[in-house]
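Now for the letters of each chain:
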Amino acid sequence: MRYASVVVDVPAKGTDKLFDYEIPNKFAGVIQPGMRVIVPFGSRKLTGFVVQLKNETDIDSVKPIHSLFDPEPVLNHELLELGAWLSETTLCYKITAFQAMLPAAMKTRYIKEIKPSSSAQLEDLPEEIRTAFEKGGPLSWEDLPSSLVAVVQKEIRNGNLQIDYRVEQKQKKRLVKYVKPLLPVRELEEQLQHLPARAHKQKEVIQFFIDHPNPILLTELTNSIQGASIAVKALIKKGILTEEQVEIYRDPYEHKQFPRTKPLPLTDEQKRAMEPILDKLNRHEHEVFLMYGVTGSGKTEIYLQAIEKVLNEGKEAIVLVPEISLTPQMVQRFKSRFGSQVAVLHSGLSSGEKFDEWRKIYRKEAKLVVGARSAIFAPFQNIGIIIIDEEHETSYKQEESPRYHARDVAIYRGKYHQCPVILGSATPTLESFARAQKGVYTLLTLKERVNRRPLPEVHIVDMREELRNGNRSMFSRTLFEKLTDRLKKGEQSVLLLNKRGYSSFVMCRNCGHVIGCPHCDISLTYHRHGEKLKCHYCQFETAMPSRCPECGSEHIRFFGTGTQRIEEELNRLIPEARVIRMDVDTTSRKGMHEKLLNAFGEKKADILLGTQMIAKGLDFPDVTLVGVLSADTMLHLPDFRSGEKTFQLLTQVSGRAGRHELPGEVVIQTYTPEHYSIQLASLHDFETFYRQEMKMRKSFAYPPYYFLILITVSHPNAIKAAEVTEKIGQYLKLHLSNEAQILGPVSSPIPKMKDRYRFQCMIKYKREKNLYKTLKLLFEHYEEDMSQTDLKLMIDLNPYTIL
Ligand SMILES: Nc1ncnc2c1ncn2[C@@H]1O[C@H](COP(=O)(O)OP(=O)(O)OP(=O)(O)O)[C@@H](O)[C@H]1O
Ligand SMILES: [Zn+2]
Ligand SMILES: [Zn+2]
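Basis of the calculations
Residues numbered from 1 in each chain as written. Chains lettered and ligands numbered in written order. Predicted model: local features only at pLDDT ≥ 70, side-chain atom pairs only at ≥ 80, totals over all residues. Heavy atoms only, no water. Phe/Tyr/Trp six-rings, centres within 6.5 Å; stacked < 30°, edge-to-face > 60°. Lys NZ or Arg CZ within 6 Å of the ring centre and 35° of its normal. Pairing = 2+ DSSP bridges. Helix = DSSP H or I, 4+ residues; strand = E, 2+ residues; numbered from the N terminus. Axes fitted to C-alpha atoms, helices over the stretch in contact; angles between N-to-C directions. Parallel < 35°, antiparallel > 145°, perpendicular 65-115°, else oblique. Left-handed = near helix turned anticlockwise from the far one by under 90°. Contact = heavy atoms within 4.5 Å. Nonpolar A, V, L, I, M, F, W, Y, C, P; charged D, E, K, R; others polar. Buried < 20%, exposed > 50% of the residue type's maximum accessible area, 1.4 Å probe, protein only. Right-handed = clockwise from strand over helix to strand, strands pointing away.

Peer 1: How would you sum up the packing of aromatic side chains? Please name residues and give values.
Peer 2: The tally for this structure, following the rule as stated, stands at 17 aromatic pairs. Through a chain of ring-to-ring contacts, three or more aromatic side chains come together here, namely Tyr292, Phe433, Phe647, Tyr676, Phe686, Phe689 and Tyr690. The side chain of Arg641 reaches across the aromatic face of Tyr800, ending 4.2 Å from its centre. When the ring centre of Tyr706 is taken as origin, the NZ or CZ atom of Lys766, which lies over that ring, is 4.9 Å away.

Next comes the structure, spelled out in structure tokens:
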């Protein structure tokens with residue numbers, strides 16, 4: 001093949017296409033699709049992905065590829081196609097899609113270097129530059145002392161200096177130095193005699209190698225012989241020792257032991273769920289399973305056994321879990337079963353660690369990846385199963401370009417590899433459950449906990465009653481009593497403070513009334529500026545009332561409190577209780593999350609107090625009480641999914657109690673005890689919740705009955721932002737069918753961010769034939785505006801947050 005079509009590293013409309021380059025003879029047969037190359041582009045050099053090879057090109061003056069950036073393809077055929085599909089369906093640039101599939105460490109860095117031009121003579125250059133060059137190699141533009149900038153610029157204009165663009169990978173492989181003797185022991189002993197007496201360090205090192213002739217890490221050697229490094233250098237010079245660089249992986253779990261576990265004999269219910277999966281595995285057929293199983297029903301054990309079968313057949317497996325640094329227990333279960341075959345990818349790792357885990361997968365040294373969202377792009381070639389645990393988690397949707405949902409990518413890859421995809425949850429999304437009802441997915445149900453352990457009993461406490469009875473504390477009497485009772489018995493409690501949604505909605509503390517939009521069935525958002533309440537779906541707004549419109553009470557205000565304050569109150573109320581607090585503040589340092597959980601697991605505390613991060617995945621045998629301090633906060637987010645999210649969170653956190661021998665109990669404190677999300681969560685009744693929520697979605701035309709698209713426009717000038725949004729609305733009305741509803745323009749829930757004003761437009765639709773084309777044209781229309789003025793346009797298909 002003579003030419004390569006390349007996608008270059010410039011995310012913009014003008015460059016979002018294939019550029020042809022000539023393959024120089026020296027690279028003939030070497031360059032393959034999926035490899036990154038360095039190509040001339042204008043006056044610069046850029047990296048780009050080779051997408052295809054061909055023998056013909058329409059370009060007249062085609063330039064040659066400059067060099068190879070990778071020795072091998074980094075994207076395989078499937079991933080190249082997947083990238084094209086992502087760019088189509090999420091409206092992102094091809095380069096953005098390709099880059100999203102690689103670990104951040106593999107992103108490229110462009111380094112500008114100043115060099116004498118080929119025509120220049122060093123002696124022509126001003127003194128200060130000459131001395132700078134003489135100190136060593138080319139000068140980096142970024143590190144150039146400011147005193148030299150003007151001179152350098154002048155010499156560039158004169159043609160004596162030039163700027164070279166060098167491309168580098170951000171992250172390096174980790175190399176370690178080994179030292180070993182070049183001579184056999186007998187000759188080492190001879191050398192020992194010849195060394196002068198004062199070279200006692202060198203003698204010591206030689207003696208060391210006489211005793212241990214094997215290669216040793218330089219750092220280990222200097223640990224056992226203080227100051228050995230100078231002696232080693234001298235001995236290398238003399239040809240007695242040699243050193244070599246060896247690449248090693250950074251292993252985040254290096255110091256951990258994972259005791260091996262064996263498959264457990266499955267319960268009858270587990271067996272029934274397992275059968276259809278095994279059947280598809282045996283037939284090598286694709287199928288999407290929705291595994292709906294209550295908390296503690298043994299879903300994970302099913303995943304483990306299905307994966308075992310896949311690995312035994314020499315195939316690979318992907319398991320996605322929500323932000324797994326948050327669930328160290330999950331990693332442990334996979335590592336314990338499959339040992340070193342497991343690669344782990346999540347945001348708690350350093351970029352170097354992620355890079356190394358990725359390369360283990362790439363080199364087929366790992367056969368199974370357990371990871372957060374982006375692990376769905378693992379460069380496997382023979383996938384046998386894909387599992388998405390807690391499929392309802394919103395973190396599976398990426399909130400920046402490419403705005404993909406891992407579930408969609410999983411199904412794409414499942415079809416490609418003809419393998420099953422399992423979506424598992426105790427609280428599936430309405431979208432998935434509806435698809436299972438329609439037979440698009442196959443439903444697998446686990447109704448009981450393993451060994452028929454009962455689900456915990458749930459008490460709902462009406463906090464309005466508490467206030468009426470003069471209790472102004474964050475703790476109801478019921479919760480307080482149960483906490484002290486657990487303390488007496490030496491059992492543990494988990495307290496959840498749901499921070500999401502705080503201080504955005506306005507609620508009456510006397511009657512629990514929350515002010516909502518009369519048109520959208522969504523709570524209004526409080527805006528401090530102008531003391532207003534606004535709806536972020538339509539334009540409705542109203543003044544902040546001073547009295548509750550329901551009961552007339554003055555106790556109406558926006559809502560808010562923090563974990564720290566609760567910890568203080570807890571210390572005051574039950575001073576003898578040992579509390580571990582887990583929130584963003586206490587877990588920001590690497591490894592803290594796990595440390596705190598381990599401490600709790602070792603019973604170094606009685607109460608684990610935390611935000612959402614403690615709600616899922618924990619399996620501690622002595623937890624017999626779960627308290628939810630305020631179930632309402634999320635319920636009133638300006639989001640049509642708020643009821644669903646509340647139901648999910650309450651169910652998940654309740655599921656932490658009574659998972660083993662001891663029975664569990666849950667206390668949910670709320671100002672709206674009558675809300676169906678709270679009532680049905682307390683009864684563990686997902687199916688009734690599903691039916692009720694579906695009715696609401698239908699009558700307000702929300703997913704899964706309709707699809708949504710969110711278009712957000714931002715600009716430093718509010719009028720400009722509003723105008724553009726208005727025009728977009730008109731354009732869409734013109735180009736989409738009458739069935740589509742276009743809502744807005746309206747200011748975004750966060751109307752101003754980083755000095756930019758934000759407006760949005762929402763599309764609700766069922767079927768739109770020209771949807772992608774219309775949106776693409778829309779985007780292209782504003783492309784010039786976006787590059788020249790400060791306009792930003794964001795199109796989110798199937799948004800999960802509307803902020
Ligand atoms: N067949 C089995 N026999 C005995 N114990 C089992 C079996 N399957 C699972 N278990 C145990 O039951 C507990 C709950 O199982 P598991 O964690 O797999 O459930 P889950 O459905 O994934 O839970 P959740 O969704 O709440 O995280 C675990 O401690 C697990 O080891
Ligand atoms: Zn009221
Ligand atoms: Zn509204």
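Peer 1: Just give me the short version of the sheet that holds strand β23 (residues 532-534), but keep the residues and values in it.
Peer 2: In space, the three strands of this open sheet follow the order β22-β23-β24, with antiparallel pairing throughout. Of all the strands in the sheet, the pair left with one neighbour each is β22 (525-527) and β24 (541-543). Across the sheet, the mean angle separating the axes of adjacent strands is 30° when strand polarity is ignored. Here β23 runs beside β24; their pairing, made up of three bridges, is antiparallel. Looking at β24, one finds that Leu533 is bridged to Thr542.

Peer 1: Account for the packing of helix α22 (residues 718-735) against helix α23 (residues 771-788), with residues named and values stated.
Peer 2: Two numbers describe a pair of packed helices, the interaxial angle and the distance between the axes. Contact geometry for α22 and α23: axes closest at 11 Å, N-to-C directions at 150°. By the angle between their directions, the pair α22 and α23 is classed as roughly antiparallel. Considering how the two elements wind past one another, α22 and α23 form a crossing that is right-handed. Residues Lys720, Val724, Lys727, Ile728, Tyr731, Leu732 and His735 of α22 form the contact with α23, whose own contacting residues are Thr774, Leu775, Leu777, Leu778, Tyr782 and Asp785. A per-class count over the contact of α22 with α23 returns eight nonpolar, two polar and three charged.

Peer 1: Report on the pairing of strand β26 (residues 579-582), specifying residues and quantitative values.
Peer 2: Because side chains alternate across β26, one face comprises the buried residues Val579 and Arg581, and the other comprises Ile580 and Met582, equally buried. Here four bridges tie β26 to strand β27 (residues 607-610), and the two strands are oriented parallel to one another. Following the sheet pairing, Met582 is matched in β27 by Gly610. With helix α18 (residues 592-601) bridging β26 and the parallel β27, this β-α-β connection has right-handed handedness.

Peer 1: An account of the environment of Ser630 is requested, with residue identities and associated values reported.
Peer 2: Its location among the elements puts Ser630 in the loop between β28 (623-628) and α19 (642-654). Separated by 411 residues in sequence, Ser630 and Thr219 have C-alpha atoms that sit 53 Å apart.

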